[in-house]
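So the chains spell out like this:
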Amino acid sequence: MTRLIFLGPPGAGKGTQAKKLSGACQVPHISTGDIFRTAVAQETDLGIKAKAYLETGELVPDALTLGLVRERLTAADTSNGWLLDGFPRNVAQASFLDTLLQELEQPFECVVNMEVPDEVVIARLVQRGKEEGRSDDTESTIRNRLKVYREETEPLIDFYRNRQQLVSVDGNKPVEEVTEELIKVVQP
Ligand code: ADP
C-alpha cells in the first residue's frame, strides 16, 4: 500500500517524481494541477471557474477544490493507494484531507517534502515555460506562485513535521537520484 503526499514549491519536481513512482508502485498519480488544467482545456464548468486562478498563480478556492479531491480519492482505482501531488496547499485543505482519510480509513504513510532553492525552481519553471508553453510558467505568474507557496503552503511543513509525518528529500539533484531516494522512502 502506497499513500504519499508530495509537498514542495512549484518546480520542485513533485509531478516528475510522482509520475515515476506511480509506474513503479502501480498506484495513481493524482495532481490537482493536472485536473484543473484538463478542466480549463476542456472548458468544463470547473475549468471556466478555475481559469483565472491558474493564469495568475492564485489558489483555486477551496469551494471548488475540496469536492473534486473527495471525488478523486473515492474512485475505484485508489483502493491500492495513491500519490497526491499539489494537494493539500493550505491548512484548511490539510484539515479537510485528515477528516476525509479518516472517513475512508486510508491513512497515508508520510509527506515527502521536496527541498529545492528558490533560484533553482525559478530557472526550472522559466525553462519549462519555454519548452512546454505552460501559460502559468511566465515570470510574473511564477513569482506569484512562489509567494502563494510561502504564505499558504509552506506552513504545512511544520504542520506535518510536528506530527512526525514529514520526510524531507533533496530535490536539487538529478531526477534519477531523487527517484532512488524516494524509493527508499517507500520501501525502507
Ligand atoms: P506547480 O506546483 O508547478 O505550481 P500545479 O500543477 O501543482 O503546479 O498547480 C498549478 C496551479 O493549479 C496552481 O498555481 C493553482 O492555481 C492550481 N492548483 C493546483 N492545486 C491546487 C490546490 N490544491 N488548491 C488550489 N489551487 C490549486
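The preceding data block contains the structure.
None of the values given here were measured: they were computed from a predicted structure.

Peer 1: Which residues make up the overall build of the chain, and what are the values?
Peer 2: In terms of regular secondary structure, the chain is built from 9 helices and 5 strands. Written out in order from the N terminus, the α and β elements of the chain read β-α-β-α-α-α-β-α-β-α-α-α-β-α. Here the C-alpha atoms of the chain give a radius of gyration of 16 Å, agreeing with the 16 Å that 2.2 N^0.38 yields for 188 residues. For the chain, the C-alpha atoms occupy an extent of roughly 40 × 40 × 30 Å along the three principal directions. Across the 188 residues in the chain, those meeting the buried criterion constitute 46%. Intrachain contacts of the chain at a sequence separation of at least 6 include 76% that bridge at least 24 residues. Of the roughly 9600 Å² of accessible surface on the chain, a fraction of 50% belongs to carbon and sulfur atoms.

Peer 1: Explain the side chain of N144 residue by residue, including any values.
Peer 2: Topologically, N144 is positioned in helix α7 (residues 139–153). In this structure the side chain of N144 is engaged in a polar contact, spanning 2.7 Å, whose partner is the side chain of E58.

Peer 1: Would you mind going over the sheet that holds strand β4 (residues 110–115) in detail, with residue names and values included?
Peer 2: One open sheet holds the 5 strands; their spatial order is β2-β3-β1-β4-β5, and the pairing between them is parallel. Two strands in the sheet have a free side with no partner beyond their single neighbour: β2 (29–31) and β5 (166–170). The average angle at which neighbouring strand axes cross in this sheet is 25 degrees, direction not considered. Bridging between β4 and β5 involves 5 bridges; their strand directions are parallel.

Peer 1: Please provide a residue-by-residue account of unusual backbone geometry, values included.
Peer 2: Residue P88 is reached from F87 by a cis peptide bond, and omega for that bond is 0 degrees. Position of P88 among the secondary structure elements: in the loop between β3 (81–85) and α5 (91–104). The phi angle at E43 is positive, at roughly 55 degrees, despite the residue not being glycine. With respect to the helices and strands, the residue E43 is situated in the loop between α2 (32–41) and α3 (45–56). For E43, a relative accessible area of 62% translates into the label exposed. One non-glycine residue with positive phi stands out, namely Q164, at about 55 degrees. When you line up the elements, Q164 lands in the loop between α8 (155–162) and β5.

Peer 1: Could you give an account of the packing of helix α1 (residues 14–25) against helix α9 (residues 175–186), naming the residues involved and the relevant values?
Peer 2: Closest axis-to-axis distance for the α1/α9 pair is 10 Å, and the angle between their directions is 55 degrees. Judged on the interaxial angle alone, α9 and α1 are oblique. Crossing of α1 over α9 shows right-handed handedness. Facing T16, Q17, K20, L21 and C25 of α1, the residues of α9 in contact are V175, E176, V178, T179, L182, I183 and V186. Looking at side-chain class alone, the contact of α1 with α9 contains 7 nonpolar, 3 polar and 2 charged residues.

Peer 1: How would you sum up the pattern of salt bridges? Please name residues and give values.
Peer 2: Considering all chains together, one arrives at 17 salt bridges under this definition. E176 is the salt-bridge partner of K20, the closest N and O atoms lying 3.5 Å from each other. Remark: E176 occurs in helix α9 and K20 occurs in helix α1; sequence separation between them is 156 residues. Put simply, K51 and E55 hold a salt bridge, and the shortest N to O gap is 3.6 Å. In this pair, K51 and E55 both sit in helix α3, 4 residues apart, roughly one turn of the helix. Salt bridges sharing partners connect three or more residues here, namely R128, R134, D136, D137 and R145.

Cut-offs applied
Residues numbered from 1 in each chain as written. Predicted model: local features only at pLDDT ≥ 70, side-chain atom pairs only at ≥ 80, totals over all residues. Heavy atoms only, no water. Helix = DSSP H or I, 4+ residues; strand = E, 2+ residues; numbered from the N terminus. Rg over C-alpha atoms; globule rule 2.2 N^0.38 Å. Buried < 20%, exposed > 50% of the residue type's maximum accessible area, 1.4 Å probe, protein only. Contact = heavy atoms within 4.5 Å. Areas by Shrake-Rupley, 256 points an atom, 1.4 Å probe, with all protein chains shown as cover. Polar contact = N/O pair within 3.5 Å; in protein donor to acceptor, adjacent residues only side chain to side chain. Pairing = 2+ DSSP bridges. Axes fitted to C-alpha atoms, helices over the stretch in contact; angles between N-to-C directions. Parallel < 35°, antiparallel > 145°, perpendicular 65-115°, else oblique. Left-handed = near helix turned anticlockwise from the far one by under 90°. Nonpolar A, V, L, I, M, F, W, Y, C, P; charged D, E, K, R; others polar. Salt bridge = Lys/Arg side-chain N within 4 Å of Asp/Glu carboxyl O.

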